Each structure stands twice: as C-alpha cells, then as structure tokens.
Amino acid sequence: MLTPAPHIRWARCAPDAIAVLDLRNGTWRMFEGTGARIWAAIVARGCADGLADEIAVPAGADPGATHTALGSYVHELRRTGLLTDAGTHLRTAGRARRWRRR
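Predicted model only: the values in this text are computed from it and were never measured.

Visitor: Just to check I follow, could you spell out the packing of helix H1 (residues 34-45) against helix H2 (residues 51-59) for this structure?
Guide: Two packed helices can be described by the angle between their axes and the distance between those axes. H2 packs onto H1 with a crossing angle of 150° between their chain directions and a minimal axis gap of 11 Å. One finds that H1 runs roughly antiparallel with respect to H2. Two packed elements cross with a definite hand, and for H1 against H2 that hand is right-handed. Within the contact between the two elements, H1 uses Thr34, Arg37, Ile38, Ala41 and Arg45 and H2 uses Leu51, Glu54 and Ile55. Its residues assigned to classes, the contact of H1 with H2 comprises four nonpolar, one polar and three charged.

Written as structure tokens, this is what we have:
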C-alpha cells in the first residue's frame, strides 16, 4: 500500500491541482491535471490499480501504454521519496515506540 512519506505535506489547491511540500528540503511540487488525479487516487486507494484504464478509456488512449507510463510515474514518485510503502514507516514507528517503553 502506497502512502505519502512521513515528511510530505500536501493539499488540494484547485479542483485539478495539488501542492506537495517535502519538509526534508523545503521543496514544493505542483501536480495538475492527470498528475493531480494520480496523486489523489493513490492517497485515497493506497495504490494505482485500475487507474490506467480510468485515464486511458475516456481519453481514447491505449490502456497498455498508459499502464506503462503510470508505472514509471509512480516509480518516480517513490524514487524521489514522495510516496512510500505504508508498512515501511509504520513498522519503523512501531519499533521506535517499543524501544521507548523499555
């Protein structure tokens, strides 16, 4: 399950735009249109499953090519640290809490 990394803050700033702040380095990113739609879907669902078809079919685009492009886009969001696997930071936080109790 994907989720925004703990150091990420984000907000919808227009119906089709999302602002994302990386607190580690103070950089802002703006996602508009399809990028904002992808971000919102991942945050709501925890994954991008089925999203390629939702984007491709109404636009008359090739679902296979859209799936490939979407996979690359999500990989880039993970590589830059904006998205992470939900279990990764939850397990780390759980370990830290257990350590403090001892």
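So that's the structure; there's more coming.
Visitor: I tried to follow the packing of H1 against helix H3 (residues 63-79) on my own but got confused; where do I start?
Guide: Closest axis-to-axis distance for the H1/H3 pair is 12 Å, and the angle between their directions is 70°. As summarised for this structure, H1 and H3 are arranged roughly perpendicular, according to the angle between their axes. H3 is crossed by H1, and the crossing has right-handed handedness. Only Leu70, Tyr73, Val74 and Leu77 of H3 make contact with H1, whose side of the interface consists of Gly35, Ile38, Trp39 and Ile42. Of the residues assigned to the contact of H1 with H3, the class counts are seven nonpolar, one polar and no charged.

Visitor: Which parts of the structure should I look at to understand the sheet that holds strand S4 (residues 27-32)?
Guide: Pairing between sheet strands relies on hydrogen bonds along the backbone, with the strands arranged either parallel or antiparallel. The antiparallel open sheet is built from three strands, whose spatial order is S2-S3-S4. The outermost strands of the open sheet, each flanked by one partner alone, are strand S2 (8-14) and S4. Taken pair by pair, the neighbouring strands of this sheet meet at an average axis angle of 20°, ignoring direction. Examined bridge by bridge, S2 and strand S3 (residues 17-22) share six bridges and lie antiparallel to one another. Its bridge partner being in S3, Ala11 is matched across the sheet by Ala19. Sheet contacts for H1: S2, S3 and S4; angle to S4, the most-contacted strand, approximately 100°.

Definitions and limits used
- Residues numbered from 1 in each chain as written.
- Predicted model: local features only at pLDDT ≥ 70, side-chain atom pairs only at ≥ 80, totals over all residues.
- Heavy atoms only, no water.
- Axes fitted to C-alpha atoms, helices over the stretch in contact; angles between N-to-C directions.
- Helix = DSSP H or I, 4+ residues; strand = E, 2+ residues; numbered from the N terminus.
- Parallel < 35°, antiparallel > 145°, perpendicular 65-115°, else oblique.
- Left-handed = near helix turned anticlockwise from the far one by under 90°.
- Contact = heavy atoms within 4.5 Å.
- Nonpolar A, V, L, I, M, F, W, Y, C, P; charged D, E, K, R; others polar.
- Pairing = 2+ DSSP bridges.

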